[in-house]
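Fold and geometry: a report
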Number of protein chains: 2
Amino acid sequence: MAHPSPVLVVGSVALDSVETPFGKADNVLGGSGTFFSASASHLAPVQLVGVIGSDYPIAKLRESFASRPIDLAGLEQAEGASFRWRGRYRHDFNSAETLETHLGVFSNFRPKIPEPFRAAPFVFLGNIDPRLQLEVLEQVSKPKLVACDTMNFWIESRRPDLLRLLEHVDLITLNDAEARQLTEEFNLVRAARWIMARGPKHVVIKKGEHGAFMFTPTSIFFAPAYPLESVFDPTGAGDSFAGGFIGYLARTGDLSDGNLRRAVVYGSALGSFAVEKFSVDRLLEITPDDIRSRVGDFHRLVTFQQDMA
Amino acid sequence: MAHPSPVLVVGSVALDSVETPFGKADNVLGGSGTFFSASASHLAPVQLVGVIGSDYPIAKLRESFASRPIDLAGLEQAEGASFRWRGRYRHDFNSAETLETHLGVFSNFRPKIPEPFRAAPFVFLGNIDPRLQLEVLEQVSKPKLVACDTMNFWIESRRPDLLRLLEHVDLITLNDAEARQLTEEFNLVRAARWIMARGPKHVVIKKGEHGAFMFTPTSIFFAPAYPLESVFDPTGAGDSFAGGFIGYLARTGDLSDGNLRRAVVYGSALGSFAVEKFSVDRLLEITPDDIRSRVGDFHRLVTFQQDMA
């Protein structure tokens, strides 16, 4: 095992209020940067860049992340309200129903990468304006791997910037609906090929409860979502997946096809923990043994031996 | 490799008219018994029991199945119209839109199992009235494995009969919506456990383009659907899956967990061929090498090595 490299993540740091069939949580830690960090920090040191408002419970965040290798030096506190999201899930968890979104200080966010973070070999550009994602890339020096996420809002409103960003990233994670919207291809194999022709060598298409595909120039890999008996709150599953995925790559420093496959499984494992409790609660309590054990469960879930028939 | 055992299948033999974004087909060979037979016959001899009307192009069926080990001695021709289904798929293939269903002679079908078929060690009860599925079981002698399929219509209208049937089958295949409807459990792990508590030792839940789960008393196995670049016509995918699955078990005679897993993959492979052309056209032209090669593709699609991290 090589020494883990740090992962720089730029993303939202928000306060979520969530209702599910199993309960509700008010103003709990949320946002793509928060979930990514809580997840990736099990595998590699994390450098988080984001913005919070003057009303953000920073002591709570510091306490939650106290035992984790997450450097908060890039977390800027600005005058104004924190990013807040309120949403609800029905029994089928198919999609979140957004009840309220208040961007607050996030709407004027301009990421400033602290000097010590600029050499991070692994960079994850969380789901923010592609123009800001590009600004982050101007501030970092030759990362070994740059990955980005995006969402329907940017695909609609910032398409030219997003396409320019694609030329500069090695890997993109997005969900199936976003892949279809971006490429106007319904078929995911074609959609992935469309994206790969525009820059990224690797495309990870997340299908939520239906698992994730990773497309590379030479192969397709699929990992199912773990068949949990109780999904408690799906908020943050995608960012936790990304955290496990990029965190594993940073931990191992190995970008071979075989290792990328393992990284997808680590991503799936961390995503499966994230949904077992509200917020980052479960991500903060799991141990290395829990993760190893879940990865083993994934292996048993899909493994079969070919016969010679 | 043991000598393949015969598979007895009781199901519909219909004429389908299908429209997809890629073209249309009129009055082509369809029905659960037809797809199952075309698929399973690549792996084991098939004994088909069903009914056709006086208008059915029996010469066309005989010609199509001429080179395949499918015994049509149990195919009864009755006075009246054949079962016809007309449906349409939109671009997303999410679900068939049924435009017309004419049951014809199928509505008075009472399966009569020919004497030579009654000792078949593998029995597949295709999607017909559970009362008829039970009648089939009264006519066969101690099969090694009895599997059944069902659908929403029977879950609603024949629930007590279906529950009685469950006590007498070793394995059930059904799709995710049917599993949820039958068990009133949204979560598929809980749904499978509900079903297993009522008889079947093995539950296969098909999720269409999202793959299939097999639940057994000791493990869960998942196989994705193959990420085809072009899905042409999804009609019959589920029955082709069942044909590959049960056909593989009949071919090998091995009901171990490892072999059941391989069987799920053979089912997925045959299902993936079925959707590449209209009707059973693709199933009738594939070779053993094609099947082996697709099974190899599935293996590459999901395989990863666990590290010691």
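Above this text sits the structure in question.
Model, not experiment: these values are computed from the prediction.

About the thresholds
- Residues numbered from 1 in each chain as written.
- Chains lettered and ligands numbered in written order.
- Predicted model: local features only at pLDDT ≥ 70, side-chain atom pairs only at ≥ 80, totals over all residues.
- Heavy atoms only, no water.
- Helix = DSSP H or I, 4+ residues; strand = E, 2+ residues; numbered from the N terminus.
- Rg over C-alpha atoms; globule rule 2.2 N^0.38 Å.
- Buried < 20%, exposed > 50% of the residue type's maximum accessible area, 1.4 Å probe, protein only.
- Contact = heavy atoms within 4.5 Å.
- Lys, Arg positive; Asp, Glu negative; His and termini not counted.
- Charge placed at Lys NZ, Arg CZ, Asp CG, Glu CD.
- Core = buried A, V, L, I, M, F, W, Y, C linked by side-chain atoms within 4.5 Å.
- Pairing = 2+ DSSP bridges.
- Axes fitted to C-alpha atoms, helices over the stretch in contact; angles between N-to-C directions.
- Buried area = accessible area lost by both parts, 1.4 Å probe.
- Salt bridge = Lys/Arg side-chain N within 4 Å of Asp/Glu carboxyl O.
- Least-squares fit on C-alpha atoms with pLDDT ≥ 70 in both.
- Phe/Tyr/Trp six-rings, centres within 6.5 Å; stacked < 30°, edge-to-face > 60°.
- Lys NZ or Arg CZ within 6 Å of the ring centre and 35° of its normal.

What about the overall build of chain A?
Summing up its helical and strand segments, chain A has eleven helices and 13 strands in all. In summary, chain A has a C-alpha radius of gyration of 18 Å against a globular reference of 19 Å for 309 residues, a match within 12%. Looking at chain A as a whole, 58% of its 309 residues qualify as buried. Considering only contacts within chain A whose residues lie at least 6 apart along the sequence, 65% involve residues at least 24 apart. Averaged over its 32 positive side-chain charges, chain A has a centre that lies 4 Å from the centre of its 37 negative ones.

Considerations on the nonpolar core
Within the largest apolar cluster, 195 residues are counted, with the highest numbers of intra-cluster contacts made by Phe245 of chain A together with Phe245 of chain B. In contact with phenylalanine 245 of chain A, other than residues within four places in its own chain, are Leu171, Val204, Met214, Leu260, Ala263, Val264 and Gly267 of chain A. Grouped together as the second largest cluster of nonpolar side chains are six residues, Ala25, Val28, Trp85 and Tyr89 of chain A included.

Comments concerning unusual backbone geometry
Here the phi dihedral of lysine 142 of chain A falls at roughly 40°; this positive angle occurs in a residue that is not glycine. With respect to the element layout, lysine 142 of chain A can be found in the loop between helix 3 (130-139) and strand 9 (145-149). Its identity is not glycine, yet serine 279 of chain B carries a phi of approximately 55°, on the positive side. In this structure, serine 279 of chain B sits in the loop between helix 9 (257-274) and helix 10 (281-285).

Digging into the sheet that holds strand 7 (residues 97-102) of chain A
Residue and element names in this part refer to chain A. Ordered by their spatial adjacency, four strands build an open sheet running 3-2-6-7, and the pairing between neighbours is mixed. At either margin of the open sheet sits one strand with a lone partner, and together these are strand 3 (23-30) and strand 7. For this sheet the average axis-to-axis angle between neighbouring strands, irrespective of direction, equals 15°. Where strand 2 (residues 14-20) and strand 3 come together, six bridges link them in antiparallel fashion. Paired with valine 18 across the two strands is alanine 25, which belongs to strand 3. On top of the sheet, helix 1 (residues 32-40) reaches strand 2 and strand 3; it is set at about 85° to strand 3, its chief contact.

What about the interface of chain B and chain A?
Counting residues at the interface gives 41 residues for chain B and 41 residues for chain A. For the chain B and chain A pair, buried surface summed over both sides reaches about 3900 Å², with 54% attributable to carbon and sulfur atoms. For the pair chain B and chain A, the interface holds two salt bridges. Glutamate 229 of chain B serves as the salt-bridge partner of arginine 193 of chain A, at 2.7 Å between the closest nitrogen and oxygen. Top element by residues in the side of chain B that touches chain A is helix 11 (residues 288-302) of chain B. It accounts for eight residues.

A closer look at the relation of the copies chain B and chain A
Placing chain B over chain A gives an RMSD of 0.0 Å and needs a rotation angle of 180°, together with 0.0 Å of translation along the axis. Both copies of the chain, as the preceding transformation shows, are related through a two-fold rotation axis. In this assembly the copies share their binding face: 100% of the residues contributing to the interface of chain B also contribute to that of chain A.

Some thoughts on the packing of aromatic side chains
Inspection of the entire model under this criterion finds 25 aromatic pairs over all chains. Measuring from ring centre to ring centre gives 6.0 Å for phenylalanine 22 of chain A and phenylalanine 232 of chain A, while their planes differ by 20°; the resulting arrangement is stacked. Taken together, the positions of phenylalanine 22 of chain A in the loop between strand 2 and strand 3 and phenylalanine 232 of chain A in the loop between strand 13 (220-223) and helix 8 (237-252) put the pair 210 residues apart, joining distant regions of the chain. On the basis of relative accessibility, which here comes to 25%, the residue phenylalanine 232 of chain A falls in the partly exposed class. Residues phenylalanine 106 of chain B and phenylalanine 109 of chain B carry aromatic rings whose centres are separated by 5.8 Å and whose planes lie at 20° to one another, so their mutual orientation is stacked. A connected cluster of aromatic rings, assembled from ring pairs, spans Phe213, Phe215 and Phe222 of chain A together with Phe213, Phe215 and Phe222 of chain B. Above the plane of the ring of phenylalanine 186 of chain A lies arginine 180 of chain A, whose end atom (NZ or CZ) is 3.9 Å from the centre.

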